[in-house]
Amino acid sequence: MRASWISVKERVRVSQNWKNGRCRRNILLKWKRNLMPWIHLDGNILYLSQAEKISAYKLCSNSNGVHRQPFAVFLDHREDVCRFVLNNSHIISGGGDGRIAIHKVHSAFSIHFTAHDQDVNCVDCHRGIIVSGSRDRTAKVWSLTPSRDGHCLHTIQTDDRVWSVAINPILSSFITGTACCGHTSPLRIWDLQSGALMTCLGTDFKRGAGVLDVRYETPYTLLSCGYDTFIRYWDLRTSTRRCVKEWEEPHDSALYCMQSDGNHMIASGSAYYGVVRLWDKRMNQCLHSFSLSSPTSSPVYCLQFNTRHLYAALASALHVLDFTTGDSLFKAL
């Protein structure tokens, strides 16, 4: 990801470290019991969910550490937070209690409401529209406007557990990634205005090939990953039946999360041993991999990266890979 405040010379040096897999690893935070955390990076602030709370930490000036005490904590769930997103200074979270909670980051404003009969596994928000997906086999569309907070616009029967959702950037549609147990395709695109099914992506998914993360890069291109160990790149202008390209996790491990820089780079988090992989869309094989929890095993539940650092949330710790260093204190596998 480009940062205009970093000099060209520094960007070139750091990009070479990414390319060669040279970085320094550090553990920013630890906690005593295993959790399923989620993170969001917003400039110099890192938001981290731990059990039923979301904490906001300021990164240190070199971004290699965080201030140990969060400057804000957001509470409105009675069970663990499953996913959350940040949109227009609002944190929107879904929890195991079936609730959606909305907090304004810089004020005391917060609301919460019961959204689903079971866990809210995923949420996304864009320009006043929230989409949620649940274990109860429904996806719902909500309004975030002040006069209609918590008002359900559509309820969609997916006939399958919903693990991931993403709203198209132009607000024309949204996509659900499901467990692939009750439908031939886990990826379905729905009209945002009517809630009607528009199309399915792919035709040859095996049963159980659930999609755990899906992300739009543009209104026409998106990435998906999940239990069947593949990252898939889709271009809706080309075909909805076949992806443009796919990359297979070489150790047959489910992929829990991913992030793209919108250009050539993708980072993915695997289900075992905290393995983070870097991919180049122009290449067929993984560029580099890093094991963050060997010899013990933990999934990478969520990862975020910027120009200089990659942050990864595992079951009991938050890790950072620092690509500004020229030494090889932590080299790619």
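Reading the values: rules and limits
Chains are numbered independently. Their residues run from 1 in the order of the written sequence. Whole-chain, interface and lining totals are the exception, using all residues; otherwise, since this is a predicted model, local features are given only for residues with pLDDT of at least 70 and side-chain atom pairs are given and counted only at 80 or more. Side-chain metrics in this entry use all non-hydrogen atoms of the structure; hydrogen atoms and water are not considered. Under the scheme used here, helices are H or I runs from DSSP no shorter than 4 residues and strands are E runs no shorter than 2 residues, and both carry numbers assigned from the N terminus. Here the globule rule is a power law, 2.2 Å times the number of residues to the power 0.38, and the radius of gyration is based on C-alpha atoms. Whether a residue is buried, partly exposed or exposed follows from its accessible area with a 1.4 Å probe, protein chains only, as a fraction of its type maximum: under 20%, in between, or over 50%, in that order. Contact definition: two residues touch when any of their heavy atoms are within 4.5 Å. Per-residue and other accessible areas follow the Shrake-Rupley method at a 1.4 Å probe size, with only the shown protein chains counted as cover for residues. Under the counting rule used here, the positive set is Lys and Arg, the negative set is Asp and Glu, and His together with the chain ends is not counted. To locate a charge, take atom NZ for lysine, CZ for arginine, CG for aspartate or CD for glutamate. Paired strands, in this sense, are two strands between which DSSP finds at least two bridges. Axis definition: a line fit to C-alpha positions, over the contact stretch in the case of helices; interaxial angles, taken between N-to-C directions, run 0 to 180 degrees. UniProt positions are given in the numbering used here, feature names are shortened, and annotations may be inferred rather than shown by experiment. The rule for a salt bridge is simple: a side-chain nitrogen of Lys or Arg has to be within 4 Å of a carboxyl oxygen of Asp or Glu. A pocket, in this scheme, is an open set of points on a 1 Å grid over the protein atoms alone with protein on both sides within 12 Å along at least 5 of 7 lines, while a cavity is a set where a 1.4 Å probe fits but cannot get out; residues line either one if an atom lies within 4 Å of a point. Grid points are joined across faces, edges and corners, and a volume is the space filled by probe spheres set on the points. Gly falls in the polar group here, along with every residue not listed as nonpolar (Ala, Val, Leu, Ile, Met, Phe, Trp, Tyr, Cys, Pro) or charged (Asp, Glu, Lys, Arg).

1. Quick look at the overall build of the chain
Looking only at helices and strands, the chain has 1 helix and 29 strands in total. The C-alpha atoms of the chain give a radius of gyration of 19 Å, which matches the 20 Å a tight globule of 333 residues would have. Counting only C-alpha atoms, the chain reaches 55 × 45 × 40 Å along its principal axes. Evaluated residue by residue, the chain yields a buried proportion of 57% over its 333 residues. Long-range contacts, defined here as pairs at least 24 residues apart, represent 47% of the contacts in the chain between residues at least 6 apart. Split by element, the accessible area of the chain, about 14900 Å² in all, is 48% carbon and sulfur. A gap of 6 Å separates the mean positions of the 38 positive and 28 negative side-chain charges of the chain.

2. So, the sheet that holds strand 24 (residues 275-280)
Hydrogen bonds between backbone groups are what pair the strands of a sheet, and the pairing can be parallel or antiparallel. Taken in spatial order, the 4 strands make up an open sheet running 22-23-24-25, and their pairing is antiparallel. Looking at strand neighbours, the two that pair on one side only are strand 22 (255-260) and strand 25 (288-291), the edges of this open sheet. Neighbour to neighbour, the strand axes of the sheet diverge by 20° on average, direction disregarded. In the sheet, strand 24 pairs with strand 25 via 4 bridges, with the strands oriented antiparallel.

3. With respect to the UniProt feature "repeat: WD" (unreviewed entry) in the chain
As recorded in UniProt, the feature "repeat: WD" (unreviewed entry) lies at residues 113-144. Regarding residues 113-144, the helix share stands at 0% and the strand share at 66%, and the terminal C-alpha atoms are separated by 12 Å.

4. Details of the pattern of salt bridges
Summed over the entire model, instances satisfying the criterion amount to 10 salt bridges. Between Arg-232 and Glu-246 there is a salt bridge, with its nearest N and O atoms 3.4 Å apart. Remark: Glu-246 occurs in strand 21 (residues 245-248) and Arg-232 occurs in strand 20 (residues 230-235); sequence separation between them is 14 residues. Under the relative-accessibility criterion, Arg-232 is labelled buried at 11%. Put simply, Asp-280 and Arg-282 hold a salt bridge, and the shortest N to O gap is 2.8 Å.

5. Looking at empty space enclosed by the protein
As enumerated under the stated definition, the model contains 2 cavities of 30 Å³ or more in all. Roughly 40 Å³ of internal volume is contained in the largest cavity. The wall of the largest cavity is formed by Phe-205, Ala-209, Gly-210, Val-211, Ser-224, Cys-225, Gly-226, Asp-228, Phe-230 and Arg-232. If you list the elements that add at least two residues to the lining of the largest cavity, you get strand 19 (221-226) and strand 20. Examining the composition of the lining of the largest cavity, we find that 3 residues originate from one element, strand 19, more than from any other. Lining the second largest cavity, in full, are Leu-35, Met-36, Pro-37, Ser-49, Gln-50, Ala-51, Asp-80 and Val-81. Looking at the lining of the second largest cavity residue by residue, the classes come out as 5 nonpolar, 2 polar and 1 charged.

6. Focus: the pairing of strand 6 (residues 81-87)
Counted residue by residue, strand 6 has 6 buried out of 7 residues, so it is predominantly covered. Pairing geometry for strand 6 and strand 7 (residues 90-95), over 6 bridges, is antiparallel. Within strand 7, the position partnered with Phe-84 by the bridge is Ser-93. If you look at the hairpin formed by strand 6 and strand 7, you'll find 2 residues sitting between the two strands, and Asn-88 has a positive phi there, around 50°.

7. Observations concerning unusual backbone geometry
Ser-294 connects to Pro-295 through a cis peptide bond whose omega is 10°. The phi torsion at Asn-88 lies on the positive side, around 50°, for a residue other than glycine. Within the secondary structure layout, Asn-88 lies in the loop between strand 6 and strand 7. Residue Asn-88 is classed as exposed on the basis of its relative accessible area of 56%. Positive phi, normally seen in glycine, also occurs at Asp-252, with a value near 55°. Its place among the elements puts Asp-252 in the loop between strand 21 and strand 22.

8. Topic: the layout of surface pockets
Size it by volume and the largest pocket reaches roughly 910 Å³. In terms of lining, the largest pocket is formed by 34 residues, of which the most central are His-40, Val-85, Asp-124, Arg-215 and Tyr-216. Put simply, the parts of the chain that give the lining of the largest pocket at least two residues each are strand 2 (39-42), strand 6, strand 10 (120-126), strand 14 (162-167), strand 18 (211-216), strand 22 and strand 26 (302-305). Across the lining of the largest pocket, the residue classes break down as 18 nonpolar, 10 polar and 6 charged.

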